[in-house]
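# Examination of the molecular architecture
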Amino acid sequence: MISSNMALRWVAYPMQVVAKAAKPIPVMLLGVLVGRKSYTWQKYCFVLLIVVGVVLFMFKDSKPNSGTVLEHESLGQLLLILSLLMDGLTGAVQERMRAHSAPSAQHMMLAMNGWSAMIVSVGLVATGEGKAFVLFASRHPELFSHLTLLALTGALGQLFIFMMVSSFGALACSVVTTTRKFFTVLFSVLFFGNVLSGRQWIGAVLVFCGLFADMFFGRKPQPAKKIAKEKEKSEGVPLADKQ
């Protein structure tokens, strides 16, 4: 998050959004290298299709003389690459945690937010921004009501995110959060009557094709032994008694 937010000093916001749309790719690659996860080639194709569709849909054509060129843009792009690598590493670590101890969504959320709070607290004290925030909040007490609402909505959203990570894995979560950006823009277009360009229609079709293809063809077939156990459990009769 630090890398992603700092990158906005040197790159435009649309570039950051488009770059972060590629989040499932490092999640898959580092999931294989670090998280010891394996995916089918269909999964790679479907995720790539979704990412390309989101990039095509959200990328805005540059207009001549639309603004000044940002200085040190290469530094901002380097921070975006670092942010994507951290996204992939986070997903890989979550996959290993899920495979090793299968923590619940609430336990994973508590542990990650607890460690994040400690790390950020060290940064706030070291940089002096903690004191600056206290002074700013004392001058603007209405800030606390906004922060409370932000914390409630953020915690509720995080709960669903960690439930998805705990139940379906980090890749499914990254695909959903990436696709969320697409649907946010799409609903805005539909509700406010904005006209889509041909490139954006192509991106929309690619996203929907990738989503539905992954839904119907991207799941791994369950082993016969696992299916037998689930059937035995649902019927409540031991397999040995049936034989």
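Residues numbered from 1 in each chain as written. Predicted model: local features only at pLDDT ≥ 70, side-chain atom pairs only at ≥ 80, totals over all residues. Heavy atoms only, no water.

### Things to note about the overall build of the protein chain
Helix and strand counts for the protein chain stand at 12 helices and 0 strands. Along the protein chain, from the amino end to the carboxyl end, the secondary structure elements read α-α-α-α-α-α-α-α-α-α-α-α. In the protein chain, which comprises 243 residues, the share counted as buried stands at 29%. Taking as baseline every contact in the protein chain between residues at least 6 positions apart, the subset at least 24 positions apart corresponds to 81%. (Helix = DSSP H or I, 4+ residues; strand = E, 2+ residues; numbered from the N terminus. Buried < 20%, exposed > 50% of the residue type's maximum accessible area, 1.4 Å probe, protein only. Contact = heavy atoms within 4.5 Å.)

### Some remarks on the packing of helix α6 (residues 105-127) against helix α8 (residues 143-168)
Across the interface, α6 lies against α8 with an axial gap of 8 Å and an inter-helix angle of 120 degrees. The angle between α6 and α8 places the two elements in the oblique class. The element α6 and its partner α8 pack so that their crossing is right-handed. Listed contacts from α8 to Ala105, Gln106, Met108, Met109, Met112 and Asn113 of α6 are Ala155, Gln158, Leu159, Phe162, Met163, Val165 and Ser166. For the contact of α6 with α8, a count of residues per class yields 9 nonpolar, 4 polar and no charged. (Axes fitted to C-alpha atoms, helices over the stretch in contact; angles between N-to-C directions. Parallel < 35°, antiparallel > 145°, perpendicular 65-115°, else oblique. Left-handed = near helix turned anticlockwise from the far one by under 90°. Nonpolar A, V, L, I, M, F, W, Y, C, P; charged D, E, K, R; others polar.)

### Brief notes about the packing of helix α3 (residues 24-33) against helix α5 (residues 73-100)
The interhelical angle for the contact between α3 and α5, taken along N-to-C directions, is 50 degrees, at an axis separation of 7 Å. Classified by the angle between their axes, α3 and α5 sit oblique to one another. As α3 packs across α5, the resulting crossing turns out to be right-handed. Of the residues in α5, those touching α3 at Pro26, Val27, Leu30 and Gly31 are Leu84, Leu85, Asp87, Gly88, Leu89 and Ala92. In terms of residue class, the contact of α3 with α5 is built from 7 nonpolar, 2 polar and 1 charged.

### Observations concerning α5
Across its 28 residues, α5 extends 41 Å between first and last C-alpha, which sits within 8% of the 40 Å expected from 1.5 Å per residue. Regarding α5, the residues found buried are Gly76, Leu79, Leu80, Ser83, Leu84, Asp87, Gly88, Gly91, Ala92, Gln94 and Glu95. (Expected span 1.5 Å × (residues − 1).)

### Considerations on the UniProt feature "transmembrane region" (unreviewed entry) in the protein chain
Per the UniProt record, the feature "transmembrane region" (unreviewed entry) sits at residues 41-59, 74-93, 114-137 and 143-163. Helix and strand shares over residues 74-93 are 100% and 0% respectively, and the end C-alpha atoms of the span are 29 Å apart. (UniProt positions renumbered as here; feature names shortened; annotations may be inferred.)

### Some remarks on the environment of Gln200
For Gln200, the location among the structural elements is in helix α10 (residues 198-217). Sequence separation between Gln200 and Val55 is 145 residues; the distance between their C-alpha atoms is 9.2 Å.

### Thoughts on a nonpolar patch on the surface
Taken together, the side chains of Ile25, Leu29, Val32, Leu33, Tyr44, Leu48 and Val52 make up a nonpolar region of the molecular surface, amounting to roughly 590 Å² of accessible area. Secondary-structure elements contributing two or more residues to the nonpolar patch are α3 and α4 (41-58). Considering each element in turn, the nonpolar patch owes the most residues, 4 residues, to α3. (Patch = residues over 30% accessible without salt bridge, like charges linked within 9 Å, V, L, I, M, F, W, Y side chains within 5 Å. Areas by Shrake-Rupley, 256 points an atom, 1.4 Å probe, with all protein chains shown as cover. Salt bridge = Lys/Arg side-chain N within 4 Å of Asp/Glu carboxyl O.)

### Let's talk about the confidence of the model for the protein chain
The share of residues in the protein chain with pLDDT of 70 or more is 76%, and the mean pLDDT across the chain is 76. Confidence, expressed as mean pLDDT per element, reaches its minimum in the protein chain at helix α12 (residues 239-242) with 46 and its maximum at helix α7 (residues 129-139) with 89. Note that pLDDT drops below 50 for residues 64-69; the model gives that stretch 0 contacts with residues more than four away or on any other chain. In the predicted structure, residues 237-243 sits below a pLDDT of 50 and forms 5 contacts with residues beyond four places in sequence or in another chain. (pLDDT = per-residue confidence, 0-100.)

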